[in-house]
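# Structure assessment
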Amino acid sequence: MTHFLIRRIFWAIFLFLVATIITYLIFFVIPADPAALAAGKAPTPQDVARVRHLMHLDLPIYQQYWLFLWNLIRHGSLGHSFVNRQSVRYLVGEDAPVTASLVFGGAVFWLSLSIPVGILSALRPRSLLDRIAMLFVLVGISAHPVWIGLILSYVFGYKLGITPIAGYCNFFPGTPGAQCSGPIQWAYHLILPWITFMVLFAALYVRLIRANVMETMSEDYVRTARAKGAGERRVMVQHVLRNSMLPVVTILGMDIGLALGGAIFTETVFNLPGLGNNLVSAANADDLPLVVGIVVFATLAVIVFNFLVDVAYAFLDPRIRLS
Amino acid sequence: MALLEVKDLRTSFRTDDGVVKAVSGVDFALERGQTLGVVGESGSGKSVTFLTLMGLVDPRHAMVSGSVLFDGEEILGAKTSRLREIRGARIGMIFQDPMTSLNPVKRIGWQLEEAVLLHNDVTRSEARKRAVEILKQVEIPRADQRIDDYPHQFSGGMRQRVMIAMALINNPEILIADEPTTALDVTTQAQILRLMKRLQDEFQMAIVMITHDLGVVAELADDVLVMYGGRVVEQASVDDLFAKPEMPYTWGLLGSLPRLNLIAARLEQIPGQPPSLLHPPSGCAFHPRCEFVMDVCRQELPELRPALGDETHRFRCHLDDEARARIWDAKRAKLVTEDVAA
């Protein structure tokens, strides 16, 4: 187990370096001049040169990367926004809880729908439920999150008026300057974004879980359990479920990255002040440090989450833990 | 009264291509403490016969008929709850592939304890004690430590010992062993067979040994069923079967046995493929591969009839007594000359 953890930590560090190098190269190599952007309105060439020196943009790229990495590791700093000079770390810290609420809440929603439906579909293949689930899957796979979000917002928020149309409320009550706060308002404002995620992902997961459960049910050890005299419920709970959830856990780890991408659309539609929404505005404003900061943070989040999933997997599967 | 009496057992499966007749009328009886060898190639219906009588075929696809009396009680079509009381308690079962027959995410001990707890009103610690005890009986070294291991920490032979332990943990009256040694290497096979023989004496149980290996049958069985195309084609005591087999398929099986004293000779093989169960051949299912085929074989299924002067030795073949005796004598003479020459 210790070996496994050490190996995973080294792998995570390696992944982080690769991801940041690529991000850094892409964003600092594109043909926009960060110095000109940062120097303010109508700068003189001298101004631009001064700003360039100040931002170390006159250094070779590997030194810039090293500075970026050094600032990140030594001071935990991601630099400052070109647009409003605020610390990128502060901005990301503001946005991250919103995106986390959206993605993890969404994951809870899509799993709590797809696990029971997937299992029931596997137990009764070709039944009415299975066919309805299949239809649902097709819609979920085909539809774009923006479309799903807009339709939900229009029907439930605008026409029926039972949910907010858009907007976000802080989870912790008493946030200064906020219109609304507290867990109930928080959940009330996130319900449609969560459902958007649910429609988007539950579809795939229903099929995935259905296929895994069906495959596991035809395993030899399930026949062994029946031959021992175990009842169907016991066979499902003790022998089928844990084994069939192993691949689901892996896919879940990978899909968190995908969900962060989906958050860009969902946050835009529902006007949630999260990382995705601000990534779009930062990109539109050529606010390169903020873009890099958000990408770095998202990369880190995906790495950490994948690491957690791997650890969870090792706990679930003794073959990994003990090998 | 026999411990297990099977009459006209039939199992077919609905598939997308049509109905597959896996078992088409099997009769046999098993006495207490007896060992029955069931021989046949893949698809002969030997495994399905016993999965059916244990109620382990999927009821959504399988159609089952006939009668299975276990200790005088009809268990074919019995309630699942009744079958569950019998499975694992009075009839134990082990399977071909020990590598996949144990749950990979549960400890060995947990899986053994489960078998005890399903049928006995005991505490988990009592079940654990029983599990350690049975692991010792199947000769697992350091059983009290290894009980906390996971299946992947055991070798194939060791896993099959665990499977045997799990099947025997509740002292069953019958052990159904479905090709228990097929997936193991030869030295391990011999160990497992020796173990089963010893345990049979200790536990006083009947064994059904499903196999395609006549060597295993010769080693363990009292009586033998030879199955082909979903039917019993010959049944006899093991001595009679090896001394005087009565039908061409059995001749072929015996002829294809490898013999250690023959070095250069090629193994004889039965030409052709096992019959399709979706579109079985007309008449005798073996006729397309039989070197002595006659017109009647293509039209009529031969009855399972007793051999000359031996009511317990039964077989299916249209060849008359004289022809069969002549052919077998010639075949045996050839086998013996080869042995002598070697």
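Residues numbered from 1 in each chain as written. Chains lettered and ligands numbered in written order. Predicted model: local features only at pLDDT ≥ 70, side-chain atom pairs only at ≥ 80, totals over all residues.

## Observations concerning the overall build of chain B
Looking only at helices and strands, chain B has 12 helices and 12 strands in total. Taken over C-alpha atoms, the radius of gyration comes to 21 Å for chain B, in line with the 20 Å a tight globule of 342 residues would show. Based on the C-alpha atoms only, the size of chain B along its principal axes is roughly 65 × 50 × 40 Å. The burial tally for chain B puts 43% of its 342 residues in the buried class. (Helix = DSSP H or I, 4+ residues; strand = E, 2+ residues; numbered from the N terminus. Rg over C-alpha atoms; globule rule 2.2 N^0.38 Å. Buried ≥ 20, exposed ≤ 12 C-beta atoms within 10 Å, placed from the backbone.)

## Quick notes on the overall build of chain A
In terms of regular secondary structure, chain A is built from 13 helices and zero strands. Reading the helices (α) and strands (β) of chain A from amino to carboxyl end gives α-α-α-α-α-α-α-α-α-α-α-α-α. Burial status across chain A gives 34% buried among its 323 residues. A separation threshold of at least 6 residues defines the contact pool for chain A, and within that pool the share at least 24 residues apart is 68%. (Contact = placed C-beta atoms within 7 Å.)

## Structural notes on the pairing of strand β3 (residues 35-39) of chain B
Residue and element names in this part refer to chain B. With respect to burial, β3 is a largely interior element, five of its five residues being buried. In the sheet, β3 pairs with strand β8 (residues 206-211) via five bridges, with the strands oriented parallel. What sits directly across from Val-38, in β8, is Ile-210. One ladder, built from four bridges, connects β3 with strand β9 (residues 223-228); its direction is parallel. By the bridge assignment for β9, Gly-37 is matched with Val-224. (Pairing = 2+ DSSP bridges.)

## Some remarks on the sheet that holds strand β1 (residues 4-15) of chain B
Residue and element names in this part refer to chain B. Taken together, four strands build an open sheet; the order of strands is β2-β1-β4-β5 and the sheet is antiparallel. The open sheet is flanked by β2 (18-30) and β5 (73-74), the only strands paired with a single partner. Strand direction decides the pairing type here: β1 and strand β4 (residues 62-70), joined by eight bridges, are antiparallel. In the sheet register, Leu-4 faces β4, and the bridge partner there is Phe-70. Its contacts with the sheet put helix α1 (residues 46-53) on β1, β2 and β4, and the angle it makes with β1 is roughly 105°. (Axes fitted to C-alpha atoms, helices over the stretch in contact; angles between N-to-C directions.)

## Quick notes on the interface of chain A and chain B
Many analyses report the size of an interface as the accessible area lost when the parts associate. Listed as interface residues are 19 residues of chain A and, on the opposing side, 24 residues of chain B. The set of elements that each furnish at least two residues to the side of chain A that touches chain B consists of α9 (220-227), α10 (232-269) and α13 (318-321) of chain A. Element by element, the count of residues in the side of chain A that touches chain B is highest for α9 of chain A, at six residues.

## Describing the nonpolar core
Within the largest apolar cluster, 94 residues are counted, with the highest numbers of intra-cluster contacts made by Ala-165, Ile-174, Val-208 and Met-209 of chain B. No other element matches helix α6 (residues 156-168) of chain B, which puts eight residues into this core. If we ignore the near neighbours within four places in the chain, the residues touching Ala-165 of chain B are Leu-112, Ile-134, Leu-135 and Val-138 of chain B. If you look at the next biggest cluster of nonpolar residues, it comprises 62 residues, including Val-213, Leu-260, Leu-275 and Val-296 of chain A. (Core = buried A, V, L, I, M, F, W, Y, C linked by C-beta atoms within 7 Å.)

## Regarding the confidence of the model for chain A
Chain-level pLDDT for chain A is 84 on average; 97% of the residues reach the 70-or-more range. Per-residue pLDDT, averaged within each element of chain A, yields its smallest value for helix α2 (residues 34-38) of chain A (73) and its largest for α9 of chain A (94). (pLDDT = per-residue confidence, 0-100.)

## What to know about α1 of chain B
Three- or four-residue spacings in an α-helix give side chains the same orientation, since the helix completes a turn every 3.6 residues. Residues and elements named next belong to chain B. Here α1 lies mainly inside the structure; eight of its eight residues are buried. Turning to α1, its buried residues are Lys-46, Ser-47, Val-48, Thr-49, Phe-50, Leu-51, Thr-52 and Leu-53. Downstream of α1 by one or two residues, Gly-55 has phi in the positive range, about 70°.

## Examining unusual backbone geometry
All names here are of chain B. Despite not being glycine, Asp-71 has its phi angle at roughly 55°, a positive value. Position of Asp-71 relative to the elements: it lies in the loop between β4 and β5. Positive phi outside glycine occurs at Arg-142, with the angle close to 50°. Take Arg-142: it is sitting in the loop between α4 (124-137) and α5 (143-146).

## Quick word on the sheet that holds strand β7 (residues 174-178) of chain B
Paired through their backbone hydrogen bonds, the strands of a sheet run either parallel or antiparallel. All names here are of chain B. Ordered in space as β6-β7-β8-β3-β9-β10-β12-β11, the eight strands form an open sheet in which the pairing is mixed. What marks the edges here is a single partner per strand, and that holds for β6 (91-94) and β11 (305-307). In this sheet, adjacent strand axes meet at a mean angle of 25° when their direction is disregarded.

## Concerning the pairing of β7 of chain B
All names here are of chain B. The buried count for β7 comes to five of five residues, which makes it a mostly enclosed element. Note: β6 against β7, four bridges, orientation parallel. Directly across from Met-93, in β7, lies its bridge partner Ile-176. Bridge analysis of β7 against β8 gives five bridges, and the strand direction is parallel. In the sheet register, Asp-178 faces β8, and the bridge partner there is Ile-210. For the handedness criterion, the β-α-β arrangement of β7, helix α7 (residues 186-203) and β8 is classed as right-handed. (Right-handed = clockwise from strand over helix to strand, strands pointing away.)

## Regarding the environment of Gly-261 of chain A
Residues and elements named next belong to chain A. Position of Gly-261 among the secondary structure elements: in helix α10. Under the C-beta neighbour-count criterion, Gly-261 is labelled exposed, with 12 such atoms within 10 Å. For the pair Gly-261 and Ala-298, spaced 37 residues apart in the sequence, the C-alpha separation amounts to 9.5 Å.

## Regarding the confidence of the model for chain B
Residues at a pLDDT of 70 or more form 97% of chain B, whose mean pLDDT is 91. Across the interface, the model reports ipTM at 0.88; the global pTM reads 0.81.

## Side note on the environment of Tyr-221 of chain A
Tracing the sequence through the fold places Tyr-221 of chain A in helix α9. For Tyr-221 of chain A, a count of 22 C-beta atoms within 10 Å translates into the label buried. A C-alpha to C-alpha distance of 7.8 Å links Tyr-221 of chain A and His-239 of chain A, two positions 18 residues apart in sequence. Here Tyr-221 of chain A is in contact with His-239 of chain A together with Thr-100, Ser-101, Leu-102 and Asn-103 of chain B, once residues within four sequence places are set aside.

## Points about the environment of Phe-270 of chain A
All names here are of chain A. Locating Phe-270 in the fold gives a position in the loop between α10 and α11 (275-284). On the basis of neighbour counts, which here come to 25 C-beta atoms within 10 Å, the residue Phe-270 falls in the buried class. A C-alpha to C-alpha distance of 4.4 Å links Phe-270 and Ala-166, two positions 104 residues apart in sequence. In this structure, Phe-270 is in contact with Gly-149, Ser-153, Ala-166, Leu-192 and Pro-193, ignoring residues within four places of it in sequence.

## Let's talk about the packing of helix α7 (residues 145-159) of chain A against helix α8 (residues 183-217) of chain A
Residue and element names in this part refer to chain A. The N-to-C vectors of α7 and α8 enclose an angle of 135°; their axes lie 9 Å apart at closest approach. Judged on the interaxial angle alone, α8 and α7 are oblique. Crossing angle aside, the handedness with which α7 passes α8 is right-handed. Residues Pro-145, Ile-148, Gly-149, Leu-152, Ser-153, Phe-156 and Gly-157 of α7 pack against Leu-192, Ile-195, Thr-196, Val-199 and Leu-200 of α8. Here the contact of α7 with α8 is built from residues that sort into eight nonpolar, four polar and no charged. (Parallel < 35°, antiparallel > 145°, perpendicular 65-115°, else oblique. Left-handed = near helix turned anticlockwise from the far one by under 90°. Nonpolar A, V, L, I, M, F, W, Y, C, P; charged D, E, K, R; others polar.)

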